[in-house]
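Chain residues, written in single-letter form:
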Amino acid sequence: MLIGLVRDSVMQCFCHSCRAPVLPAAHRRSAPVKKPVGKPRTKQPKKVKFITTEIRCQEMSKGGLAYEVILAEPVGVPVPRRADSPEKTPSVEEIQEKLKAAEERRRSLEASKMAAIAQKMAKIEEASRIRSEQTNNFIVATKEALDAKMDSHEEKREAYINELRARLKDHLEGVEKTRLTLEQQTAEVYKAIEDKMNTAADKRDENIKKMLERLREHEEQVRKVRAGNHERFQQLESAIQDKLQQAADRRLQIEAEQREKLRNYERRAELVRQNKSARAESEAPTSG
């Protein structure tokens, strides 16, 4: 497909005198050649319309400017048109010679294009061969590198597994030793606990006996203390009663003494009053 497209592009007409469309390769030789009519015209550049711009400046106020932009058509000398050349009618012989020359140029161009295409195709094939060789070499080198890497990885994995097995074996041996040690220590602890419990039971019985003896002694002491306290309480109660009786007798005696003092005070007050009245009576006629 690519070769066909290149061939069709090469088989085009490179003549500047005709503008015929490109025909398929099978019917290119039998296609009629059109006669050029007149001299081919060259493309003239398009005229560009210029617009002149005028800018006027005017000061509107202090410190400010106003600009006025004016657009206008260009003012200048128009470009003179080139005079048309007189038409020249070519003869049949000139046309045939031009066609022959165009055919020869086309054939030579086709031959050169085909040679260039063949050279390019050869280069493409060589590049494809080199690329396939490089790809194969890369595949082989990559496969060898991967095989070596896999072998190295396999060796490392085996070494790692062996190391893990050795570590696991050592760990299991250590765990077994620890288990035996713990069982021995547990048996010793159980034995020590049983001995302590037996000793504690004996001591507990002893302590219970001692505590019962102490309780009996305490009860006896409490009974004795209670009896002594009762006796002391009776003595205190009798002493309090005696003191209360003495206080009552003392109070009665004080009351009697106070009454006696009050009667004596009343007698003296009566005597003083009688004396005053008598003195007043004795002094009354004298003053008259």
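All figures in this text were calculated on a predicted structure; none of them were measured in a lab.

**Considering the overall build of the protein**
Inference 1: Scanning the protein for helices and strands turns up two helices and two strands.
Inference 2: Counted from the first residue to the last, the protein has its helices and strands arranged as α-β-β-α.
Inference 3: Residues counted as buried form 4% of the 288 residues belonging to the protein.
Inference 4: Of the contacts made within the protein by residues no fewer than 6 positions apart, 34% connect residues no fewer than 24 positions apart.

**With respect to the side chain of Glu110**
Inference 1: Note on placement: Glu110 falls in helix H2 (residues 92–287).
Inference 2: Here Glu110 falls in the buried class, since its relative accessible area comes to 8%.
Inference 3: Polar contacts involving the side chain of Glu110 include one to the side chain of Arg106, which spans 2.5 Å.

**Structural notes on the UniProt feature "coiled-coil region" (unreviewed entry) in the protein**
Inference 1: According to UniProt, the positions carrying the feature "coiled-coil region" (unreviewed entry) are residues 92–119 and 143–228.
Inference 2: Between the first and last C-alpha atoms of residues 92–119 the distance is 40 Å; the span itself is 100% helix and 0% strand.

**Some details on the pattern of salt bridges**
Inference 1: Inspection of the entire model under this criterion finds 15 salt bridges.
Inference 2: One salt bridge in this structure joins Glu103 and Arg106, with 2.1 Å as the shortest N-O distance. Of this pair, Glu103 and Arg106 both sit in helix H2, three residues apart, roughly one helical turn.
Inference 3: Using a relative accessible area of 26% as the deciding quantity, one classes Glu103 as partly exposed.
Inference 4: We classify Arg106 as buried; its relative accessible area is 12%.
Inference 5: With its nearest N and O atoms 2.6 Å apart, the salt bridge here joins Glu260 to Arg263. In this pair, Glu260 and Arg263 are both assigned in helix H2, three residues apart and thus about one turn of the helix distant.
Inference 6: Residue Glu260 is classed as partly exposed on the basis of its relative accessible area of 35%.
Inference 7: In this structure, a network of salt bridges that share partners links the residues Glu103, Arg106, Arg107 and Glu110.

**A closer look at a nonpolar patch on the surface**
Inference 1: A surface patch of nonpolar side chains, about 430 Å² in accessible area, is lined by Val189, Tyr190, Ile193 and Met197.
Inference 2: With respect to the element layout, Met197 can be found in helix H2.

**Quick notes on the confidence of the model for the protein**
Inference 1: The pLDDT averaged across the protein works out to 77; a share of 68% of its residues lies at or above 70.
Inference 2: When the elements of the protein are averaged for pLDDT, helix H1 (residues 2–10) gives the smallest value, 54, and H2 the largest, 88.
Inference 3: Predicted confidence for residues 13–31 stays below pLDDT 50, and this span has 16 contacts to residues more than four positions away or in other chains.

**Describing a negative patch on the surface**
Inference 1: On the surface, Glu144, Asp147, Asp151 and Glu155 cluster together into a patch of negative charge.
Inference 2: Mapped onto the elements, Asp147 comes out in helix H2.
Inference 3: Judged by its relative accessible area of 39%, Asp147 falls in the partly exposed class.

Parameters and conventions
Residues numbered from 1 in each chain as written. Predicted model: local features only at pLDDT ≥ 70, side-chain atom pairs only at ≥ 80, totals over all residues. Heavy atoms only, no water. Helix = DSSP H or I, 4+ residues; strand = E, 2+ residues; numbered from the N terminus. Buried < 20%, exposed > 50% of the residue type's maximum accessible area, 1.4 Å probe, protein only. Contact = heavy atoms within 4.5 Å. Polar contact = N/O pair within 3.5 Å; in protein donor to acceptor, adjacent residues only side chain to side chain. UniProt positions renumbered as here; feature names shortened; annotations may be inferred. Salt bridge = Lys/Arg side-chain N within 4 Å of Asp/Glu carboxyl O. Patch = residues over 30% accessible without salt bridge, like charges linked within 9 Å, V, L, I, M, F, W, Y side chains within 5 Å. Areas by Shrake-Rupley, 256 points an atom, 1.4 Å probe, with all protein chains shown as cover. pLDDT = per-residue confidence, 0-100. Lys, Arg positive; Asp, Glu negative; His and termini not counted. Charge placed at Lys NZ, Arg CZ, Asp CG, Glu CD.

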